[in-house]
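The lines below spell out each chain.
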Amino acid sequence: MILAILQARMSSSRLPGKVLKPLCGRPMVLRQIERLSRCRRLDRLVVATSTETSDDPLAEAMTAEGVAVHRGPLDNVLARFVGALDAHPADHVVRLTADCPLTDPDGVDDTIALHLESGADYTSNTPDTFAFPKGLDVEVVTAPALRRAAAEASTAEEREHVTWGLYNGDHGYKTAWLKSAHADDGDIRWTVDTPDDYAFAVAVYEALYPGNPAFTSADIRALLAVRPDLAQFGGHRRL
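To keep things clear, this report deals only with the structure shown in the data block. Owing to the predicted nature of the structure, the values given are computational and were not obtained by experimental measurement. (Residues numbered from 1 in each chain as written. Predicted model: local features only at pLDDT ≥ 70, side-chain atom pairs only at ≥ 80, totals over all residues. Heavy atoms only, no water.)

Bringing the sheet that holds strand β1 (residues 2-7) into the picture now. Spatially, the 7 strands line up as an open sheet ordered β5-β4-β1-β6-β8-β7-β9, and their pairing is mixed. Across the chains shown, the open sheet's two edge strands, defined by having one partner strand only, are β5 (68-72) and β9 (175-177). On average, adjacent strands in this sheet sit at an angle of 25 degrees to one another, irrespective of strand direction. Bridge count for strand β7 (residues 122-124) against β9 is 3 bridges, and the pairing is parallel. Opposite Y122, over in β9, you have T175 as the bridge partner. Of the strands in this sheet, β6 (92-97) and β8 (139-142) touch helix α5 (residues 143-152), which is tilted by about 90 degrees from β8. (Pairing = 2+ DSSP bridges. Helix = DSSP H or I, 4+ residues; strand = E, 2+ residues; numbered from the N terminus. Axes fitted to C-alpha atoms, helices over the stretch in contact; angles between N-to-C directions. Contact = heavy atoms within 4.5 Å.)

Next up, the structure:
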């Protein structure tokens, strides 16, 4: 069983409420879930948000759409993940964040495939070189490794960043890294943290979604090749 846990909150400091901002008439987080529904290797998805009242609208919106929700501590995101895993038992957990409406279903599947084939405790597509654009990040961890990381967590970084203890330090975890076939794109922003990022996502959706709701990363690259106006948004010029 492979469980996707999509962490989300309304209290972003740079762009509050971003996960419910609209993309082609639907909340951004639901557009991301729509894209994730095309993954072939995910068995289940749950949105993990906090117990803060500020996240009530998010939890209500997900419940209304039939999306599973788990609520836990705002700052101890690792504990929130373990709580979601307790509520939805699985062998492997795919960590995703809800500020990535351009997420690539094939990239998620490829990362899971490498994880299963390599027998790694932790697998990611964010190596130091030949990285994918920010916003396509995927992390996969075995359930035992996630539980061990939670039990051994002793710093704020470990609790906030979930997988910190799996790839930092010498803890004996086996890791695997999926590299992009393109040149290093790690400084390109397809994530949504700022108003400019959101404007970029809106432009991409308005250009591609009406004609092809299942548009791919290759379609985004092709769009950027013919739309130099999108270069006004920071972090997208290298494409």
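Moving on to the packing of helix α3 (residues 77-87) against α5. Remark: α3 packs on α5, axes separated minimally by 10 Å, with the N-to-C direction vectors making an angle of 140 degrees. The orientation of α3 relative to α5 falls into the category oblique. The crossing of α3 and α5 is left-handed. Contacts between α3 and α5 involve L78, F81, V82, L85 and D86 from the first element and A143, L146, R147, A149 and A150 from the second. Of the residues that constitute the contact of α3 with α5, the class distribution is 8 nonpolar, no polar and 2 charged. (Parallel < 35°, antiparallel > 145°, perpendicular 65-115°, else oblique. Left-handed = near helix turned anticlockwise from the far one by under 90°. Nonpolar A, V, L, I, M, F, W, Y, C, P; charged D, E, K, R; others polar.)

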